[in-house]
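# Secondary and tertiary structure notes
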Amino acid sequence: MSALIVDQLSFGWSPDELLLKQLSMTIDRERAALVGRNGVGKSTLIQLLVGELTPFSGHVHLPKSWLYLSQIPKPDLTVGEALGIDDHLSALRHIERGDAQAADYDLLEGNWDFEDRATHLLSAFDVPSRAWTDPLSSLSGGQSMRARLVRARLENPELLILDEPTNNLDTDGLLWLNQFISTWSSSLLVVSHERTLLSNMHRILELSPHGLKSYGGNYDLYQEAKTQERKNAQRRLLVTEKHLKHARREAQVRKERTERRAALGKRTKSGSLPPVVIGNIKRRAETNAGKSQGVSERQVSDAKRQFDQARQGIEIRDPFVFDIRSTGLSAKKRVLSVEEVTLQYESNEDRVLERFSFSLMGPERIAIEGRNGSGKSTLLKAIADETKPSVGKIDMGVERHAFLRQDASGRVVDRTLMQHFFDENPGVSENEAHAALARFGFRNAAVETPMQQLSGGERLRAPLAITLMSPTPPQLIILDEPANHMDLESGETLECALNGFDGALIVARHDRWFLNAIGITRYVAL
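A few points on the structure.

What counts, and at which threshold
- Residues numbered from 1 in each chain as written.
- Predicted model: local features only at pLDDT ≥ 70, side-chain atom pairs only at ≥ 80, totals over all residues.
- Heavy atoms only, no water.
- Helix = DSSP H or I, 4+ residues; strand = E, 2+ residues; numbered from the N terminus.
- Buried < 20%, exposed > 50% of the residue type's maximum accessible area, 1.4 Å probe, protein only.
- Contact = heavy atoms within 4.5 Å.
- Areas by Shrake-Rupley, 256 points an atom, 1.4 Å probe, with all protein chains shown as cover.
- Arc of directions from axis to C-beta.
- 1 Å grid on protein atoms, 1.4 Å probe; cavity = no way out; pocket = protein on both sides within 12 Å on 5 of 7 lines; lining within 4 Å.
- Points joined across faces, edges and corners; volume = space filled by probe spheres on them.
- Nonpolar A, V, L, I, M, F, W, Y, C, P; charged D, E, K, R; others polar.
- Phe/Tyr/Trp six-rings, centres within 6.5 Å; stacked < 30°, edge-to-face > 60°.
- Lys NZ or Arg CZ within 6 Å of the ring centre and 35° of its normal.
- Salt bridge = Lys/Arg side-chain N within 4 Å of Asp/Glu carboxyl O.
- Axes fitted to C-alpha atoms, helices over the stretch in contact; angles between N-to-C directions.
- Parallel < 35°, antiparallel > 145°, perpendicular 65-115°, else oblique.
- Pairing = 2+ DSSP bridges.
- Core = buried A, V, L, I, M, F, W, Y, C linked by side-chain atoms within 4.5 Å.
- Patch = residues over 30% accessible without salt bridge, like charges linked within 9 Å, V, L, I, M, F, W, Y side chains within 5 Å.
- Lys, Arg positive; Asp, Glu negative; His and termini not counted.
- Charge placed at Lys NZ, Arg CZ, Asp CG, Glu CD.
- Polar contact = N/O pair within 3.5 Å; in protein donor to acceptor, adjacent residues only side chain to side chain.

## Details of the overall build of the protein
In terms of regular secondary structure, the protein is built from 16 helices and 17 strands. Sorting the 526 residues of the protein into buried and exposed places 45% on the buried side. Within the protein, contacts between residues separated by at least 24 positions form 71% of all contacts whose residues are at least 6 apart in sequence. Accessible area of the protein: about 27200 Å², with a carbon and sulfur share of 48%.

## A few points about helix H12 (residues 417–424)
Within H12 the residues assigned to the buried category are Leu417, Met418, His420 and Phe421. All buried residues of H12 lie within an arc of 160 degrees about the axis, which places them on one face of the element.

## Points about empty space enclosed by the protein
Counted under the stated rule, the structure contains 2 cavities of 30 Å³ or more. The computed volume of the second largest cavity comes to approximately 80 Å³. In this structure, the second largest cavity is lined by 14 residues; those nearest its centre are Leu404, Arg405, Leu460, Leu479 and Pro482. Counting residues per element, the ones that place at least two in the lining of the second largest cavity are helix H14 (456–468) and strand S15 (476–480). Looking at which element gives the most residues to the lining of the second largest cavity, the answer is H14, with 4 residues. Its residues assigned to classes, the lining of the second largest cavity comprises 10 nonpolar, no polar and 4 charged.

## Here's the deal with the packing of aromatic side chains
A full pass over the atoms with the stated rule returns 11 aromatic pairs. Counting every residue linked through ring pairs, the aromatic cluster contains Phe125, Trp176, Phe180 and Trp184. The ring of Phe180 carries Arg153 above its face, with NZ or CZ at 4.6 Å from the centroid.

## Quick word on the pattern of salt bridges
With the rule as written, the count across this model stands at 22 salt bridges. Across the salt bridge formed by Glu229 and Lys213, the nearest N and O atoms sit 2.4 Å from each other. Remark: Lys213 occurs in strand S9 (residues 211–216) and Glu229 occurs in helix H9 (residues 219–267); sequence separation between them is 16 residues. Note on Glu229: relative accessible area 15%, which makes it buried.

## Re the packing of helix H6 (residues 141–155) against helix H7 (residues 171–182)
Contact pair H6 / H7: the axes reach a minimum separation of 12 Å and the direction vectors enclose 10 degrees. As far as their axial angle goes, H7 and H6 are roughly parallel. Taking contact as the criterion, the partners of Arg146, Leu149, Ala152 and Arg153 in H6 are, on H7, Asp172, Gly173, Trp176, Leu177 and Phe180. Here the residues of the contact of H6 with H7 sort into 5 nonpolar, 1 polar and 3 charged.

## Considerations on the sheet that holds strand S8 (residues 203–208)
Read across the open sheet, the 6 strands follow the order S5-S6-S7-S3-S8-S9; overall the sheet is mixed. Two strands bound the open sheet, and with one partner strand each, they are strand S5 (66–69) and S9. Between one strand and the next, the sheet's axes are offset by a mean angle of 15 degrees, whatever the strand orientation. One ladder, built from 6 bridges, connects S8 with S9; its direction is antiparallel.

## Section: the nonpolar core
Membership of the largest hydrophobic core comes to 48 residues, with the highest contact counts inside it found for Leu83, Leu149 and Phe180. The dominant element in this core, judged by the number of residues it contributes, is H6, at 6 residues. Once you skip the residues sitting within four places of it in the chain, Leu149 turns out to touch Leu69, Phe125, Leu162, Trp176, Leu177 and Phe180. Counting 36 residues, the second largest nonpolar core, distinct from the first, contains Met451, Ala462, Leu505 and Leu515.

## A look at a negative patch on the surface
A surface patch of negative charge is lined by Asp76, Glu81, Asp86 and Asp87. Here Glu81 shows up in helix H2 (residues 79–82).

## Considerations on helix H5 (residues 114–124)
At 3.6 residues per turn, the α-helix brings residues three or four places apart onto the same side. All of the buried residues in H5 are Phe114, Ala118, Leu121 and Leu122. Mapping the buried residues of H5 onto a view down its axis gives an arc of 100 degrees, with all of them on the same face. Of the exposed residues in H5, the ones pointing more than 90 degrees away from its buried face are Asp116, His120, Ser123 and Ala124. Tucked into the core, H5 has its buried residues touching helix H3 (86–97), helix H4 (102–108) and H6. Once H5 finishes, Asp126 follows within two positions and takes phi at roughly 60 degrees, a positive value.

## Focus: unusual backbone geometry
Look at Arg29: it is not a glycine, yet its phi comes out positive at around 55 degrees. Within the secondary structure layout, Arg29 lies in the loop between strand S2 (17–27) and strand S3 (31–35).

## Some details on the sheet that holds strand S12 (residues 365–369)
Spatially, 5 strands are ordered S14-S15-S16-S12-S17 in an open sheet, and the strand pairing comes out parallel. Each edge of the sheet is formed by a strand with only one pairing partner; in this case those strands are strand S14 (401–404) and strand S17 (522–525). On average, adjacent strands in this sheet sit at an angle of 15 degrees to one another, irrespective of strand direction. Both S12 and strand S16 (residues 504–508) contribute to a ladder of 4 bridges, which runs parallel. Residue pairing across strands places Ile366 opposite Ile506, the latter belonging to S16. Sheet strands touched by helix H11 (residues 376–383): S12, S14, S15 and S16. Its angle to S15, the strand with the most contacts, is close to 155 degrees.

## Focus on the environment of Thr467
Assignment of secondary structure puts Thr467 in helix H14. Sequence separation of Thr467 and Glu424 is 43 residues, and the distance between their C-alpha atoms is 8.1 Å.

## Some words on the environment of Arg405
Tracing the sequence through the fold places Arg405 in the loop between S14 and H12. C-alpha of Arg405 to C-alpha of Leu380: the two residues are 25 residues apart in sequence and 9.1 Å apart in space.

## Details of the side chain of Asp104
As for its position among the elements, Asp104 is in helix H4. Nearest to the buried, unbridged Asp104 among oppositely charged side chains is Arg97, at 7.8 Å. Among the polar contacts made by the side chain of Asp104, one reaches the main-chain amide nitrogen of Gln101 at a distance of 2.9 Å.

This is the structure in structure tokens:
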């Protein structure tokens, strides 16, 4: 059987707290993507599928041949090991030295040209020539991913599992990966939040605290389905909320009616009726009051249960609305001028950019384009005055600017998010700080989390929250690879936040979907 089958899979770090509960799915000769919020358990599920973790219950059936390419390769991996040909190379060397065993010949049977095929594929995948024993780390991040995908073409497994394959890929790399995936005819499961890649899928599998849900079609159809789900859930919520209010009103009416009857009974003169009759009236009143109260409690309880189920049945997100204060940036203001700049790597004398010029006027939104290694990050550091050009000059024309790095560095890691917010926004009240951070998903105790304990996506959201929700936001924001490591929802939050910002933007990002969403007005190529 060539399908990946998952049946009633459950796992947790303790028996009392299950992270994954009774998950089931089947992938058979289709391209499927696994999505979900950061921390929901996507990586854990992949580890269960490939046998790196043991489930508490349930079963995983893998096809006879499968290949898993992790997000980060082992640090000491060689090029030959990454391509899966190290055993073949060893067998070939044994034969060449004359000390081969029968197993060496069996391994190479029908596969004597493996070196030629591997070399040809590396060239076709635009991977620089390397010795088989060279470390994989001698290649760039994008080249490393391409080299590892050569193994998939060499082995042609029935199932290929990719974990965040778009990390470290430039625009050309993303295009190449999408072409690779488009031609993959066997089963594919990929963990990714890259929407261009998700648009190339046959099915989207969404992992949430409620379980694993399958959506047929690509990202566009997934978005349509999610939008309709949210509308339906909102309608159910309104209906059940209405029923709950009605049940509570009815309960209150019954209570007041019972109290009036009790009060009327007390006003009845004890001498007007025989004691036996008064006793019977009292007992009937108490019985009716008890029944009425019981009916009211059941109706309110049922209505409350239905309301809670409607609220919890789907993850309903509040609309992304950001009340970001205006920067007051004039369209005629010269924000930045870069004149005849030459830049070089900090670690050596190699120039990455030579005699480069551009300027930015008013609230323009500029995307810096270029392949990996072309100098995008170095240029942004120079604009932010963190490094100096060897030739030329950079003039910053605004008083307030912010540089948000792709590694989210620049802040003391053992201080909390709230402490950093107060450090950079003095005079803000605690309520204002809580409200501002909540807009970016940091609620209640989360604001007291030390920066070092935040996830990758949270570390990128945090400085953006601190910067954008300031009483005096910067007039220019410089972003180096924003949305890396962010899940779909966090990425959409980032887009909405940037769309609510009326200052100037300079962004280095390979994701055209993201750049279109934030309204880039000009592209500058390196």
